[in-house]
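# Reading the structure
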Amino acid sequence: MSILVTGGARSGKSRFAERLTLSLAGRALYVATGQAFDEEMKERIALHQRQRAMGGEAWTTVEEPLDVPGLLERYSGKETVLVDCLTLWLSNVLLSVEDAKDRQVLVEHEITRLEHSVRSFQGILVMVTNEVGDGIVPEYALGRLYRDLAGRMNALLARHCAQVFLVTAGIPIELKSREYLL
Ligand SMILES: Nc1nc2c(ncn2[C@@H]2O[C@H](COP(=O)(O)OP(=O)(O)OP(=O)(O)O)[C@@H](O)[C@H]2O)c(=O)[nH]1
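Residues numbered from 1 in each chain as written. Predicted model: local features only at pLDDT ≥ 70, side-chain atom pairs only at ≥ 80, totals over all residues. Heavy atoms only, no water.

The name given to the protein in an unreviewed UniProt entry is Adenosylcobinamide kinase, and the organism recorded there is Paenibacillus monticola. Looking at the protein in UniProt, the text filed under Sequence similarities (unreviewed entry) is "Belongs to the CobU/CobP family." Check the Function (unreviewed entry) section of the UniProt entry for the protein; it says "Catalyzes ATP-dependent phosphorylation of adenosylcobinamide and addition of GMP to adenosylcobinamide phosphate." (UniProt positions renumbered as here; feature names shortened; annotations may be inferred.)

In structure tokens:
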């Protein structure tokens, strides 16, 4: 069963997704897509690591900025997985393509790979993503491409998820309930 947790920056979506995951399984694999490029991000990551450590032995952390589809295939049927977060994964993939003319096609191919790995995942999979398109229209073409790809990725994944939450001001709102599938 896959669950998608979306929301804006600092909405509390990571904390909610962590609590939700541990309410469904005692132990889980935390897949971090974030990369510590600067001091601010290093501090944020350290804070997340300290918070997870407070949960005792519940979490095993794996850092995977790019090959999230491959990782999901490897852990399918073996572990409960929380991926935090898919929009950072998407920007890592987008920025890893140097040639601008190939960018959209290659990133769309990766989103399709992700979609397949989510659909075939066996077990509990919780994914965190961001509501990127809620802000102002980005000034640059790359920003607009990112916004559009993120919106499409979220909609595609939400279709395959049994449950979808929007977290806003720390409050989770169930957008798609499990009964929806019945
Ligand atoms: N590399 C790495 N990244 C981590 C680790 N733990 C958390 N992160 C990253 O930290 C990011 C989430 O942190 P924040 O930027 O504080 O979250 P936010 O999305 O702004 O805020 P919330 O909505 O409140 O969760 C995610 O992209 C994770 O990948 C870790 O152990 N290693």
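## Details of the packing of helix H4 (residues 86–96) against helix H5 (residues 100–120)
The contact between H4 and H5 brings their axes to 10 Å, and the two run at 140°. For the pair H4 and H5, the sense of crossing is right-handed. Residues Leu86, Trp89, Leu90, Val93 and Leu94 of H4 form the contact with H5, whose participating residues are Arg103, Val107, Glu110, Ile111 and Leu114. Per-class residue counts for the contact of H4 with H5 are eight nonpolar, no polar and two charged. (Axes fitted to C-alpha atoms, helices over the stretch in contact; angles between N-to-C directions. Helix = DSSP H or I, 4+ residues; strand = E, 2+ residues; numbered from the N terminus. Left-handed = near helix turned anticlockwise from the far one by under 90°. Contact = heavy atoms within 4.5 Å. Nonpolar A, V, L, I, M, F, W, Y, C, P; charged D, E, K, R; others polar.)

## A word on the sheet that holds strand E5 (residues 125–128)
Spatial ordering of the open sheet is given by E3-E2-E4-E5-E1-E6-E7, a layout of seven strands whose pairing is mixed. One side of each edge strand has no neighbouring strand; the edge strands of this open sheet are strand E3 (59–63) and strand E7 (171–176). Each neighbouring strand pair of the sheet contributes to a mean axis angle of 20°, computed without reference to strand direction. Relative to E3, strand E2 (residues 28–32) is paired through five bridges, and the arrangement is parallel. For tyrosine 30, the partnering residue across the bridge sits in E3 and is threonine 61. This element, helix H3 (residues 68–75), spans E2, E3, strand E4 (81–84) and E5 of the sheet and lies at about 170° to E4. (Pairing = 2+ DSSP bridges.)

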